[in-house]
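So the chains spell out like this:
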Amino acid sequence: MVYDPIPPEVRHRLKGLRLSARRASGASGIGLHASRSRGAGLEFAQYRAYESGDELRQIDWKLYARSDKFFVRESERESPLRVWMVLDLSASMGQTDTAKPDWSRLEAAKTMAACVGELALRQGDAFGLITLSDRGVAVVEAAAGLKARDRLRLELFKLKAGGGFPSVTQLSPVWGRIRAQDMVMVFSDGFDEGCAELMTRLSAAGRDVLMVQTLTAEERNFPFQGGYRFDDPEGGAEVLGDGKALRADFLKRFAAARQAFEARLFAAGVRHTHYWLDEPVDAPLFRLFGQKTSGKETA
């Protein structure tokens, strides 16, 4: 039996949800939606400047010979896009709440990624997985269909948190896989500068980037009483102190850090929301893709 991380009640709620790509040209959505888009179809539509990630076969080499510049031929077509799930595997993603020690940030991220894969499958879209850690960047190539869904589940089952975030050099496979107009879903606690830089660069390069920041309920409430030792799972730093005495300062700093992080993503054009470990795991997906009553995309 293939590992399925999606609880039955969540799977039932997903029936009312549709992925939607903001940057797909002329499209209100992807895959399932029969909207016209620009791509590598048969009916020529226009030229545009080459972007990193475009396929070389789309370059008009005759035009290059005349202009000494790279241009890509775009055509009218109805076509699904590729959806990438990008998971942070650094050690801090293994953090849990005391009340639910088996439900870590990473377990939540794996379940949300499986949900996105399920939605992409229903819409006829291709979907792939990229995992990030200082042990290296692993890529599961994007594909469509049931075999791709089963492979995604298998890869998610094997994932463990540990180590740090990858270096800039280690991130090179990401730039080669995610091409123009792909949708990128990032699942991370957002505590590494490298993660924010990655999303900023992808968005600046024209990718449709979305982010779910996974956080513990204890970070939101800081319910600790008495003496505690707080450890940094990646840097190794320790803080000894009384939980009650530390609470006000921690909550103030944590709120300020979140506000600065969200402002940075908003300025970069990255759609984002958060996930607390004590709320329904599909809540962030409904905040990003469900019916909205205002222009805000976070909650």
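Scroll up a little and you will see the structure.
Residues numbered from 1 in each chain as written. Predicted model: local features only at pLDDT ≥ 70, side-chain atom pairs only at ≥ 80, totals over all residues. Heavy atoms only, no water.

Could you give an account of the overall build of the chain, with specific residues and numbers?
Of regular secondary structure, the chain possesses 9 helices and 13 strands. The 299 residues of the chain split such that 46% are buried. With an accessible surface of roughly 14800 Å², the chain has 54% of that area assigned to carbon and sulfur atoms. (Helix = DSSP H or I, 4+ residues; strand = E, 2+ residues; numbered from the N terminus. Buried < 20%, exposed > 50% of the residue type's maximum accessible area, 1.4 Å probe, protein only. Areas by Shrake-Rupley, 256 points an atom, 1.4 Å probe, with all protein chains shown as cover.)

Would you mind going over the pairing of strand β13 (residues 271–276) in detail, with residue names and values included?
Within β13, 6 of the 6 residues are buried, which leaves the element mostly enclosed by the surrounding structure. Here strand β10 (residues 208–215) pairs with β13 via 6 bridges, running parallel. When the sheet's bridge partners are listed, L210 is paired in β13 with R271. (Pairing = 2+ DSSP bridges.)

Can you break down a nonpolar patch on the surface residue by residue, with the values?
A contiguous nonpolar surface patch, about 420 Å² in accessible area, is contributed by Y50, L56, W61 and F70. With respect to the secondary-structure elements, Y50 resides in the loop between β2 (43–49) and α2 (61–67). Of the residues examined, Y50 reaches a relative accessible area of 32% and is grouped as partly exposed. (Patch = residues over 30% accessible without salt bridge, like charges linked within 9 Å, V, L, I, M, F, W, Y side chains within 5 Å. Salt bridge = Lys/Arg side-chain N within 4 Å of Asp/Glu carboxyl O.)

I'd like to hear about the environment of W84, residue by residue, with values.
Looking at the secondary structure, you find W84 in strand β4 (residues 82–88). Looking at W84, the relative accessible area reads 0%, which means it is buried. Considering only alpha carbons, one finds W84 and M183, 99 residues apart in sequence, at a separation of 6.1 Å. Here D182 takes part through its side chain, which lies 3.0 Å from a polar atom of the side chain of W84. (Polar contact = N/O pair within 3.5 Å; in protein donor to acceptor, adjacent residues only side chain to side chain.)

I'd like a description of the nonpolar core, backed by residues and values.
M85, L87, M185 and F187 are the most contacted members of the largest nonpolar core, which has 42 residues in total. At the level of elements, α1 (8–14), β4, α3 (105–123), β7 (126–133), α4 (146–158), β9 (183–188), β10 and α9 (283–289) are the ones that each hand at least two residues to this core. In terms of residue count, α3 provides more of this core than any other element does, 11 residues in total. Among residues more than four places away in sequence, those in contact with M85 are A113, V116, G117, F127, G128, L129, I130, L152, M185 and F187. In terms of nonpolar packing, the next biggest core, distinct from the first, is built from 22 residues, I178, V184, A196 and M199 among them. (Core = buried A, V, L, I, M, F, W, Y, C linked by side-chain atoms within 4.5 Å. Contact = heavy atoms within 4.5 Å.)

So what's going on with the side chain of D208? Which residues, and what values?
By secondary structure assignment, the location of D208 is in strand β10. By relative accessible area, which is 2% here, D208 ends up buried.

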